[in-house]
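Structural description and commentary
Residues per chain, in single letters:
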Amino acid sequence: MNILVTGGTRVLGQPVVSRLVQGGHHVRALARSERGVELLRTLGAEPVAFDLFDPSAVSAAVDGVDAILHLATHIPATREMKELASWAPNDRLRREATRVLVDAALAAGVGTFVYPSITLIYPDRGDYWIDASTTEPDATARTRSTLDAEAEVARFAQAGGRGVSLRLGTLYGPTSSQTQELLAYAGRGFALVPGRAGAFRTSLWVDDAAEALVAATVSAPSGVYDVADDEPLTRSAFTSALASAVGRSGLRRIPGLLIRMSVGGELAQLNGRSQRVSNRRFREATGWAPAVPQARDGFARLRAATTAQAPQAVRPGPP
């Protein structure tokens, strides 16, 4: 397949591009800088430069393409998340860029359009399992734009294409800056984990997310699917796994008030919901399964990698 990828130089985009190339596909990926061009060439992709908001430029970019993966994001830094305006570039990528891409894809006869949404749009459901086919989303000001993007993907499918939206769990892994921030706090003895102890947190290893996006591109029928690990952990269990990753027996939870002051009340509330999301429908549709089935395993991998990279102490020789 000839595949166009936006966001191919980002944390999620890089493993997606790499897997697509390894699978024998020709990948054309958006590059915004010389560094991005070199990175994409290293991954085996064809770098292309165009404005995602320019319909003429986008039409030229999708010419001859069989599938589009719209992975471009602009998530603000943690210190900026409190300000609603800081989310405007990301909202524009979700709303406007998705619309422009879908218009161009329909005009060019592109067969497949894949978009990564988020499970954070779901309401707090306590211990109940959540599934896109049974649970309506409850988005906030900062996440409503992803539903607008999903609607564009649905429009593509209604026009005869294969449109797939994947609601991904909270990504984590060695290349994630958010994970590094979690580990940095944990190293100092604190858990940056909002929500009550018994609330479920749905996570997803970055490479498992990449495998899911490739599977969606190749074989998933049109629709909205949930992609998450097999066993979402409660905040208490997640905090214990995080403590183990930094070699601690336990962590002190950062008070909710401080988290709200840092990222804002709406975002703190959103990230504190109990969301026990099931991946069953996507597994059945594609045969995908996570290599890292739950966060305990993921943090164990991070711990092992850190230990392996740590310099070994040199024992003094005999006097």
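Scroll up for the structure.
Let us look at the structure shown here. (Residues numbered from 1 in each chain as written. Predicted model: local features only at pLDDT ≥ 70, side-chain atom pairs only at ≥ 80, totals over all residues. Heavy atoms only, no water.)

Regarding the sheet that holds strand β3 (residues 46–48)
Read from one edge to the other, the open sheet built from 7 strands follows the order β3-β2-β1-β4-β5-β7-β12, with strand pairing classed as parallel. Edge strands, defined here as strands with exactly one partner in the open sheet, are β3 and β12 (223–227). Each adjacent strand pair in this sheet contributes to an overall mean axis angle of 20°, direction not counted. As defined by bridge partners, strand β5 (residues 112–118) adjoins strand β7 (residues 162–168) across 7 bridges and the pair is classed as parallel. Within β7, the residue paired with Ile118 across the bridge is Leu168. Of the strands in this sheet, β1 (2–6), β4 (67–70), β5, β7 and β12 are in contact with helix α7 (residues 206–219), which crosses β7 at around 165°. (Pairing = 2+ DSSP bridges. Helix = DSSP H or I, 4+ residues; strand = E, 2+ residues; numbered from the N terminus. Axes fitted to C-alpha atoms, helices over the stretch in contact; angles between N-to-C directions. Contact = heavy atoms within 4.5 Å.)

Notes on helix α1 (residues 13–22)
Taken residue by residue, α1 has Gly13, Pro15, Val16, Val17, Ser18 and Leu20 as its buried positions. Buried positions along α1 lie against β1, β2 (26–30), α2 (34–43), β4 and α7. Backbone geometry just after α1 places Gly24 at a positive phi near 90°. (Buried < 20%, exposed > 50% of the residue type's maximum accessible area, 1.4 Å probe, protein only.)

Examining the packing of helix α3 (residues 55–62) against helix α4 (residues 88–108)
Viewed as axis vectors pointing N to C, α3 and α4 meet at an angle of 50°, and their least axial separation amounts to 9 Å. Comparing their axes, α4 and α3 come out oblique. As α3 packs across α4, the resulting crossing turns out to be right-handed. The segment α3 lies against α4, with Pro55, Val58, Ser59 and Val62 engaging Val100, Leu101, Ala104 and Ala108. Along the lines of polarity and charge, the residues of the contact of α3 with α4 split into 7 nonpolar, 1 polar and no charged. (Parallel < 35°, antiparallel > 145°, perpendicular 65-115°, else oblique. Left-handed = near helix turned anticlockwise from the far one by under 90°. Nonpolar A, V, L, I, M, F, W, Y, C, P; charged D, E, K, R; others polar.)

Re the nonpolar core
The biggest cluster of nonpolar side chains holds 33 residues, and the ones touching the most others in it are Val5, Leu166 and Phe282. Here this core gets 8 residues from one element, more than from any other, and that element is α7. Discounting chain neighbours no more than four positions away, the residues touching Phe282 are Leu166, Ala212, Ala215, Ala216, Ala220, Tyr225, Asp226, Val227, Gly287 and Trp288. Membership of the second largest hydrophobic core comes to 24 residues, among which are Val62, Ile68, Ala97 and Ala105. (Core = buried A, V, L, I, M, F, W, Y, C linked by side-chain atoms within 4.5 Å.)

Here's the deal with the packing of aromatic side chains
Under the definition given, this model contains 6 aromatic pairs. Ring plane angle 80° and centroid distance 5.2 Å describe the contact between Tyr172 and Trp205, whose orientation is recorded as edge-to-face. With a gap of 33 residues between them, Tyr172 in strand β8 (residues 170–172) and Trp205 in strand β11 (residues 203–205) connect regions that are remote in the sequence. Accessibility assignment for this pair places Tyr172 and Trp205 in one class, buried. Taking the centre distance of 5.5 Å and the plane angle of 40° together, the rings of Tyr172 and Phe299 count as tilted. Linking Tyr172 in strand β8 with Phe299 in helix α12 (residues 295–309), this pair joins segments that are 127 residues apart in sequence. Assigned by exposure class, Tyr172 and Phe299 land together as buried. Here the aromatic residues Tyr172, Trp205, Phe238 and Phe299 are joined through ring pairs into a cluster of three or more. Its guanidinium or amino end placed over the ring of Phe53, Arg92 lies 3.7 Å from that ring's centre, counting from NZ or CZ. For Arg201, the ring lying beneath its charged end belongs to Phe238, and the centroid distance is 4.3 Å. (Phe/Tyr/Trp six-rings, centres within 6.5 Å; stacked < 30°, edge-to-face > 60°. Lys NZ or Arg CZ within 6 Å of the ring centre and 35° of its normal.)

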